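The lines below spell out each chain.
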Amino acid sequence: FFFHAHHKRIGTMAPREENISTDAASLEDITRIYLIRHGDRFDYANPSWHDSAKKNGTLVTDPPLSALGHRQAKETAKYLMESIQDQNGERHGVSKILVSPYVRVIQTAVPTSDTLNLPLSIETGLSEAHATPGNVLPTPNQRFAYFPHIDTTYAPLLQFEPTPGRTCPKTGHPCEAFAGHYVKRMGEFARRVEETYRGQTIVCFSHAASVALVAAFLKCSMREFKFAPCGVYELKRRGDGPWELVSNGEANAHVSENSPTTYPWGFGEKHFKEGEGKYYGESEGIDLDYFVNSD
C-alpha cells in the first residue's frame, strides 16, 4: 500500500549574506521575512492516497504531510528559532505567522507556532497555485477543531477571485489561472506585506510556487530560485531600501532526511508559454522576468 522512497539530504544551506548593523537607529526599521515551504507530502509518498481520497470525498489538492514531512516541520521550527537570534543572542520579535489555508502547510507551521508561542493566521494570499477561492477548502473556523493554534479572528491581507473560464485540472472547481494570475497575486501580496508589516519580523508558510514572492520582493527573475521542502528563504529590508536575500530556500540542510517525491521546485519557461488557446501568462507579458525592475 505504501510507497517507500529513498531518503537523502538536499544540498547545503547557503551561507548567510547578512551584515548585521550595530547602529541602533537603523535596527529600528528593519523588516524581516522568513518564507518557508511545506514539508514532504503524503500523496507524493503514497500514490494510492489520491484514489482513496476521491472515494472518501476528500479534496485531492489538499493532502496532509507524510510522517517525514512532520519530522521536517519539527526540525524547521528548531532551525527557525536559532535563525531569529542576532549576534548578541537576542531574538527578532516575530509579530505574525501567516499560513496558506492548505492542510499540509498548516501542519508544517504547527511546530513553529508551538515554539514561538504565536497563533497561526490563515492567509489566503499565500494559497497554492490553481487555488480555488470560496468555501471549497475548510474555513479557519472549521480547521480550528483540529488546529487550535489558528487565530480565527485574523482578516487576510488578500482575497482573490477565480479566473473566468478556468477550472482546476485536478478537481474541476473554478480556480485562479496559473501561472500568470498566480504570479500577479504574489506581486500584489508583496506590496501589501510591505505596507502592513514594515519594521516587523514575520514568518510565512506557503508552497513551492511562492518563489515568485521572493522574486517580487527582490525585483529579480524567477529563474534564479527553487524551493526545497521546508526550505527557508530569509529576506531583510532597511526602511524603504531594497530587499536583501539573507538565506536561500533552495537547500534544506537543517532537515535530516528528504524524499525524492517532494523535491526542490522552481518555475521554467514552460509554465508561461501558451498554445492551443490555453492561458499561462505569456499573452499578458508575464514570464520568468516579470518582476525584473518592476515598480
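These notes cover the structure that comes with them. The model shown is predicted, which means the values in this text are computed figures rather than measured ones. (Residues numbered from 1 in each chain as written. Predicted model: local features only at pLDDT ≥ 70, side-chain atom pairs only at ≥ 80, totals over all residues. Heavy atoms only, no water.)

## Here's the deal with helix α7 (residues 180–196)
Turn by turn, an α-helix covers 3.6 residues, leaving residues three or four places apart pointing in a common direction. For α7, built from 17 residues, the straight-helix expectation of 24 Å at 1.5 Å per residue is met to within 8% by its first-to-last C-alpha distance of 25 Å. For α7, the complete set of buried residues consists of G180, Y182, V183, R185, M186, G187, F189, A190 and V193. Contacts made by the buried residues of α7 are with β1 (30–37), β2 (94–99), β4 (201–206) and α8 (211–218). (Helix = DSSP H or I, 4+ residues; strand = E, 2+ residues; numbered from the N terminus. Expected span 1.5 Å × (residues − 1). Buried < 20%, exposed > 50% of the residue type's maximum accessible area, 1.4 Å probe, protein only. Contact = heavy atoms within 4.5 Å.)

## A short note on the packing of aromatic side chains
Going through the model one piece at a time under the given rule, you end up with eight aromatic pairs. Summarising the aromatic geometry, the rings of F267 and F272 are spaced 5.7 Å apart at their centres and angled 35° between planes, so their arrangement reads as tilted. Residue classification places F272 among the buried positions, given a relative accessible area of 2%. These aromatic residues form a ring-pair network of at least three members: F178, Y182, W265, F267 and F272. Sitting above the plane of the Y44 ring, R41 keeps its charged end 4.0 Å from the centroid. Here the basic side chain of R185 rests over the ring of F160, its NZ or CZ set 4.2 Å away from the ring centre. (Phe/Tyr/Trp six-rings, centres within 6.5 Å; stacked < 30°, edge-to-face > 60°. Lys NZ or Arg CZ within 6 Å of the ring centre and 35° of its normal.)

## With respect to the packing of helix α4 (residues 67–83) against helix α5 (residues 103–116)
Running from amino to carboxyl end, α4 crosses α5 at an angle of 35°, the nearest separation of the two axes being 8 Å. Here the hand of the crossing between α4 and α5 comes out right-handed. Of α5, the residues touching α4 (which contributes H70, A73, K74, A77, L80 and M81) are Q107, T108, P111, T112, T115 and L116. (Axes fitted to C-alpha atoms, helices over the stretch in contact; angles between N-to-C directions. Left-handed = near helix turned anticlockwise from the far one by under 90°.)

## Focus: the pairing of strand β5 (residues 232–238)
In terms of residue burial, β5 counts as a mostly covered element, since six of its seven residues are buried. Two strands pair when backbone bridges link them, and β5 and strand β6 (residues 244–247) are joined in this way by three bridges, in the antiparallel orientation. Counted as the bridge partner of L235 is L245 from β6. The hairpin formed by β5 and β6 contains five residues between the paired strands, and G239 there has a positive phi angle of roughly 55°. (Pairing = 2+ DSSP bridges.)

## What to know about the nonpolar core
Counting 43 residues, the largest nonpolar core has Y182, V183, M222, Y233 and F267 as its most contacted members. Put simply, the parts of the chain that give this core at least two residues each are β1, α7, β4, α8 and β5. Broken down by element, this core gets its largest block of residues, seven residues, from α8. When residues no more than four places from it in sequence are discounted, the contact partners of V183 are A212, M222, F267, F272, I286, Y290 and F291. Counting 28 residues, the second-largest nonpolar core is a separate cluster that includes Y102, V105, I122 and F160. (Core = buried A, V, L, I, M, F, W, Y, C linked by side-chain atoms within 4.5 Å.)

## With respect to the pattern of salt bridges
Applying the stated criterion to the full structure yields 16 salt bridges. Ionic pairing is found between E188 and R191, a salt bridge with its closest N-O pair at 3.0 Å. Here the residue E188 and the residue R191 both occupy positions in helix α7, the gap between them amounting to three residues, near one helical turn. Look at E188 and you get partly exposed, because its relative accessible area is 25%. Given the relative accessible area of 40%, R191 is considered partly exposed. Residue E269 pairs with R223 through a salt bridge whose shortest N-O separation is 3.2 Å. Here the residue E269 occupies a position in the segment after β6, and R223 occupies one in the loop between α8 and β5, the gap between them amounting to 46 residues. The exposure class assigned to R223 is partly exposed, which follows from its relative accessible area of 45%. (Salt bridge = Lys/Arg side-chain N within 4 Å of Asp/Glu carboxyl O.)

## Thoughts on the sheet that holds β4
Taken in spatial order, the six strands of this open sheet run β3-β2-β4-β1-β5-β6, and their pairing is mixed. Strands with a single pairing partner mark the edges of an open sheet, and in this sheet they are β3 (121–122) and β6. Two strands pair when backbone bridges link them, and β1 and β5 are joined in this way by seven bridges, in the antiparallel orientation. Residue pairing across strands places L35 opposite Y233, the latter belonging to β5. Along the sheet, α4 makes contact with β1, β4 and β5, crossing β1 at roughly 165°. Across the face of the sheet, α8 comes into contact with β1, β5 and β6 while running at roughly 20° to β5.

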